[in-house]
Amino acid sequence: MFFKNYLVFEISMSQYRFLRNTILKALFIFLVLNILFTKLYNYPYGKISLYNILFEGRDRLPFGENPNKSYNLTLNNLDAMFSSLKINKAQKNDDEFRILLIGDSSVWGIRLDNQNTISGQINEHSFTTCDGKKIKVYNMGYPTLSLFKDMMIINRSLSYSPDLILWFVTLESFPMVNQLSSPIVTNNPTEVQLLVNKYKLKNYYLSDITLPDFYSKTIIGQRRNIHDLIRLQLYGAMWASTKIDQDLPQTFSPALRDFEEDDSFHDWRPPLLPKDELAFDILEKMSKSLDLPIILINEPILISHGENSHIRYNYYYPRWAYDQYRGYLQNFVNKNGLKYYDLWNLVNEKEFTNSAIHMTPKGVAKLCSNMIEIINETICLKK
Amino acid sequence: MSFNQIAIFLAIVIIYRIIFNYRYKKQFVFILSIIVLYWLQPNIIFRNWDYWFPSISIFLILLSWVIVTPKSKIFLKHNIATLLILISIFMTITMMGNPFKEVLILKTSPPQLSLILKLLFIIFLLLLILSITDKFKLVYSYIFFILLIGIFIIYKSPTFLLKIASWSQSISGGTAHIKIDEIRWIGFSYLAFRLLHIIRDKQTGRYLPIDLDRFLSFAIYFPAITAGPIDRIEHFDQEITNEEKDRGTDLIIGLRRIMIGLFNKFVIADSLSIISVNTIIALQSTSSYWLWIHLFAYSIQIYFDFCGYTDIAIGISNCLGIKLPENFNKPFSAQNLTQFWNRWHMTLTQWFRSYFFNPFNRFFKINYKKISPQLLLFITQVSTMVLIGLWHGISINFIIWGLWHGLGLFIQNRWSSFIQPIIDDLHLPSNVLNIMRYLSIFITFVYVTVGWTWFAINDINTGLHVFQKLFGF
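Computed from a predicted model, the values in this text were never measured in an experiment.

### Comments concerning the interface of chain A and chain B
Item 1. Contact residues are listed per partner, giving 20 residues for chain A and 23 residues for chain B.
Item 2. Where chain A touches chain B, the interface holds zero salt bridges.
Item 3. Take the side of chain A that touches chain B: its biggest share by element is eight residues, from helix α12 (residues 223-242) of chain A.
Item 4. Class assignment of the residues belonging to the side of chain A that touches chain B gives a composition of 15 nonpolar, three polar and two charged.

In structure tokens form, the structure reads like this:
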């Protein structure tokens, strides 16, 4: 009645009809589009990308906390993430020996530009194998600590036909509770389900995932993802123009060197690190199911000499837990016949930046000189 | 204006429209414009300036109204009632402070009440003195004119403004580092030009006095406070007093315009802003090819940003039954710079034409009769464009931007005078003329786009670096 008294007669009947019909049509179209969009949920629309077409692909997976400055952003669409990489369209020639680096933020290269990451520094040497193939190393690291996340990336990267995988691990990637907490894992439940089935992993990994309901498949439910996809394309232009994919402020908070008198690791206390709560099953299943060589590397960590450093190596690790982990990992690789290098104490304390695993270019260079030896032992290198 | 602020405006306007249907339009616009003036004022790092800036705006409006209004029309019941309502709103905002975080009218707590009351007393005493006689109003108007231009120059000069900000901060004992971008006086650029227009009209005898509420609504009309358009008071007054329906200003037309504006601003302009050139990107970009793209992106972005806000202002006004003047008319399809400036920010261009270009031109014609028409054109066009540049900010980059357009306009004018008769004589086929037309559009667009360098980049060295990179010299 209220609307009739005012809108209908005051704006005229024809205008009221126009308004009503427009709203109804708009609602109908919006509803239909939303329903149709749910059918697209499993369609890899993230692969529609301007990278490698209008502008060159990225050197590392998209990740960025300050998009306006880093020209990069964190998103959850794996198709879009991989489509934005240079390797996605890099034709593998017969004379190429392709090495992929898998791991966390230390491999991705927090506080390092692309030339200074592990892959960047190794590529700088322009090695070839002894049978004349050019070594090309690709950075497939991603800044969260989870072996499941690594497995997800390895699984996707297999389509790039790698000849060798170097998998950098650290204890913080192992706890079962960490496995699904990486946003790209949490937000890709269908992918998690697929991987658990493909690699016959424990059902534990399915316990915490929530499969998308109807609403989250609609345009409204996917609005954040769609927004991120568009932004990823726009930031691609900025990446191509500036070659910047990370905000590197001059000042940063250095990694902690002094600690509380605390010997806990997650909820665990000494003396025993519960091995069955570490995700060794992922390492085992992955290494057994892959038909290509994998080298496992226990990545360098900051070994502090500050307050209470007799209790903790660094912010992440109390000594007792880390020492046991190294023992577990050594036993694991021995049992499974994996190639493994323990480089935990390779880099000097001074060469760490804002975290116990992030290194300076000099620290990375030290690691790289070892990596080159390791690769050489496996495939024979020449310069 | 943020998306949320626009959505709130829209909701309020629709509710008003449904309930009152154009009735009490004057009162509605008057009250809302005052509240919005305080609400849109961003927080400023030094104390209480988020309160003082809108308060000074209102003071300047009152002052100009008293100066341009004859004594017989000031002390009318209606105006006294308006003044009382204004004081009530002002005191309510002041006393409320910022109690609700969700609806922050003031961003910080207001100054002490005793100080405000003292200032109010002084201001009203001053206004009363100025109102007593009409004898000196012309003198007052010139003083006010100079005062307003003085404030404008200070506000638009980074050096002056920073000095005043530092001084103000030292008085209040603040220590925070002040950045020029953080000092924003909401709507002042537009307010100053609206008041200058009224003062000049008064001085030339063209101004017809109006009541305080309509005067104030014109000066700080809320949809147009941040990005224009700059209306003329006589036109606005007709619109705000007209409560007729079916004037082509209804809700549907308004909503459609708002939707277009929202899309232009928040989808196109905001997306393009990611890749638009700025001082940082200009230095970071590694190739001239990409720099051209960033510059073209900026050109399109600034158009959609500005045009989007104008669409929103016009759309909201349509919903209220107020027709605002158009500000853009497909400027990038202009075939030459003269056409471009007849289509870009039209209300500002018209303002400068009326209050600077034409009087300046007349002045030269009367006082320097022997001056050649070409030289006169050169002087007036270049000085007008430099002034338009300075309106955006008193800094060297805006002067260069003004010169770029002033010289461009002059050269284009001379070239057109030379080439047009030749083209007319050649009787070229229509397809050749079409090609020439598209080429002209393209050249104009590129010229305007390259000129934006001085708009987007405030550092001269970086601007020169961009030119060097763009043209590879």
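### Side note on the packing of helix α7 (residues 147-157) of chain A against helix α13 (residues 280-289) of chain A
Residue and element names in this part refer to chain A.
Item 1. Between α7 and α13, whose axes approach to 9 Å, the crossing angle comes to 15 degrees. In terms of orientation, α7 lies roughly parallel with respect to α13. Crossing handedness for the pair α7 and α13: left-handed. Residues Leu147, Phe148, Met151, Ile154 and Asn155 of α7 touch α13, and the partners they reach there are Ile282, Leu283 and Met286.

### Notes on the domain arrangement of chain A
All names here are of chain A.
Item 1. For chain A, the assigned domains are domain 1 (1-39) and domain 2 (45-382).
Item 2. Across the contact, six residues belong to domain 1 and eight residues belong to domain 2.
Item 3. Roughly 610 Å² of surface becomes buried between domain 1 and domain 2 when both sides are summed, with 82% attributable to carbon and sulfur atoms.
Item 4. Three residues, Asn34, Phe37 and Thr38, lead the burial of domain 1 against domain 2; their summed loss comes to 78% of the area buried on that side.
Item 5. Our count for the contact surface shared by domain 1 and domain 2 stands at zero salt bridges.

### What about helix α5 (residues 77-96) of chain B?
Residues and elements named next belong to chain B.
Item 1. Taking 1.5 Å of rise per residue, the 20 residues of α5 would be expected to cover 28 Å, and the 28 Å separating its terminal C-alpha atoms lies within 8% of that figure.
Item 2. Within α5, burial applies to Asn79, Thr82, Leu86, Ile89, Phe90, Met91, Ile93 and Thr94.
Item 3. In this structure, the buried residues of α5 make contact with α2 (25-40), α3 (49-68), α4 (71-74), α6 (113-132) and α10 (212-219).

### Re the pairing of strand β6 (residues 339-342) of chain A
Residue and element names in this part refer to chain A.
Item 1. Here strand β5 (residues 294-298) runs beside β6; their pairing, made up of four bridges, is parallel. Counted as the bridge partner of Ile297 is Tyr341 from β6.
Item 2. The handedness of the β5 to β6 crossover, carried by helix α14 (residues 319-336), is right-handed.

### Examining a nonpolar patch on the surface
Item 1. The grouping of B:Leu115, B:Leu119, B:Phe121, B:Ile122, B:Leu125, B:Ile129 and B:Ile132 at the surface amounts to a nonpolar patch, some 670 Å² of accessible area in total.
Item 2. Examined against the element boundaries, B:Ile129 turns out to sit in helix α6.

### Re the side chain of A:His358
All names here are of chain A.
Item 1. Relative to the helices and strands, His358 is located in the loop between β6 and α15 (361-379).
Item 2. On the basis of relative accessibility, which here comes to 9%, the residue His358 falls in the buried class.
Item 3. Setting aside chain neighbours within four positions, we find His358 in contact with Ser105, Ser106, Ile110, Glu351, Phe352 and Thr353.

### Overview of the pattern of salt bridges
All names here are of chain A.
Item 1. In total, this model carries 28 salt bridges over all chains according to the counting rule given.
Item 2. Notably, a salt bridge pairs Asp150 with Lys149, separated by 2.7 Å at the nearest N-O pair.
Item 3. Overall, the relative accessible area of 2% leaves Asp150 in the buried class.
Item 4. Note on Lys149: relative accessible area 0%, which makes it buried.
Item 5. For the salt bridge of Arg326 with Asp342, the shortest nitrogen-to-oxygen distance reads 2.7 Å. Of this pair, Arg326 sits in helix α14 while Asp342 sits in strand β6, and the two are 16 residues apart along the sequence.
Item 6. Judged by relative accessible area, Asp342 falls into the partly exposed class, the value being 23%.

### What about the pairing of strand β4 (residues 164-169) of chain A?
Along a regular strand, successive side chains alternate from one face of the sheet to the other.
Residues and elements named next belong to chain A.
Item 1. Counting buried positions over the six residues of β4 gives six, a clear majority of the element.
Item 2. Side chains Leu164, Leu166 and Phe168 project from β4 onto one buried face, and the interleaved Ile165, Trp167 and Val169 project onto a second face that is buried too.
Item 3. In the sheet, strand β1 (residues 96-102) pairs with β4 via four bridges, with the strands oriented parallel. Note on β4: the bridge partner recorded for Leu101 is Leu166.
Item 4. Direction of pairing for β4 relative to β5: parallel, over a ladder of five bridges. From the neighbouring strand, Trp167 faces β5, where its bridge partner is Leu296.

### Side note on the domain arrangement of chain B
Residues and elements named next belong to chain B.
Item 1. What the domain assignment reports for chain B is domain 1 (24-241), domain 2 (243-324) and domain 3 (326-471).
Item 2. Centre-to-centre, using C-alpha coordinates, domain 1 lies 27 Å away from domain 2.
Item 3. Contacts between the two partners involve 18 residues from domain 1 and, on the opposite side, 13 residues from domain 2.
Item 4. Between domain 1 and domain 2, roughly 1,300 Å² of surface is buried when both sides are summed, and carbon and sulfur atoms account for 63% of that area.

### What to know about the packing of aromatic side chains
Residues and elements named next belong to chain B.
Item 1. Enumeration over the complete set of coordinates arrives at 81 aromatic pairs over all chains.
Item 2. Measuring from ring centre to ring centre gives 5.8 Å for Tyr221 and Phe222, while their planes differ by 55 degrees; the resulting arrangement is tilted. Phe222 shares its class with Tyr221; the two are buried.
Item 3. A cation sits over an aromatic face here: Lys265 above Phe266, 5.5 Å from the ring centre.

### Observations regarding the environment of B:Pro42
Item 1. With respect to the element layout, B:Pro42 can be found in the loop between α2 and α3.
Item 2. A sequence separation of 140 residues divides B:Pro42 from B:Glu182, and the C-alpha atoms of the two residues are 8.6 Å apart.

The rules behind these values
- Residues numbered from 1 in each chain as written.
- Chains lettered and ligands numbered in written order.
- Predicted model: local features only at pLDDT ≥ 70, side-chain atom pairs only at ≥ 80, totals over all residues.
- Heavy atoms only, no water.
- Contact = heavy atoms within 4.5 Å.
- Salt bridge = Lys/Arg side-chain N within 4 Å of Asp/Glu carboxyl O.
- Helix = DSSP H or I, 4+ residues; strand = E, 2+ residues; numbered from the N terminus.
- Nonpolar A, V, L, I, M, F, W, Y, C, P; charged D, E, K, R; others polar.
- Axes fitted to C-alpha atoms, helices over the stretch in contact; angles between N-to-C directions.
- Parallel < 35°, antiparallel > 145°, perpendicular 65-115°, else oblique.
- Left-handed = near helix turned anticlockwise from the far one by under 90°.
- Domains from an automatic or database assignment.
- Buried area = accessible area lost by both parts, 1.4 Å probe.
- Expected span 1.5 Å × (residues − 1).
- Buried < 20%, exposed > 50% of the residue type's maximum accessible area, 1.4 Å probe, protein only.
- Pairing = 2+ DSSP bridges.
- Right-handed = clockwise from strand over helix to strand, strands pointing away.
- Patch = residues over 30% accessible without salt bridge, like charges linked within 9 Å, V, L, I, M, F, W, Y side chains within 5 Å.
- Areas by Shrake-Rupley, 256 points an atom, 1.4 Å probe, with all protein chains shown as cover.
- Phe/Tyr/Trp six-rings, centres within 6.5 Å; stacked < 30°, edge-to-face > 60°.
- Lys NZ or Arg CZ within 6 Å of the ring centre and 35° of its normal.

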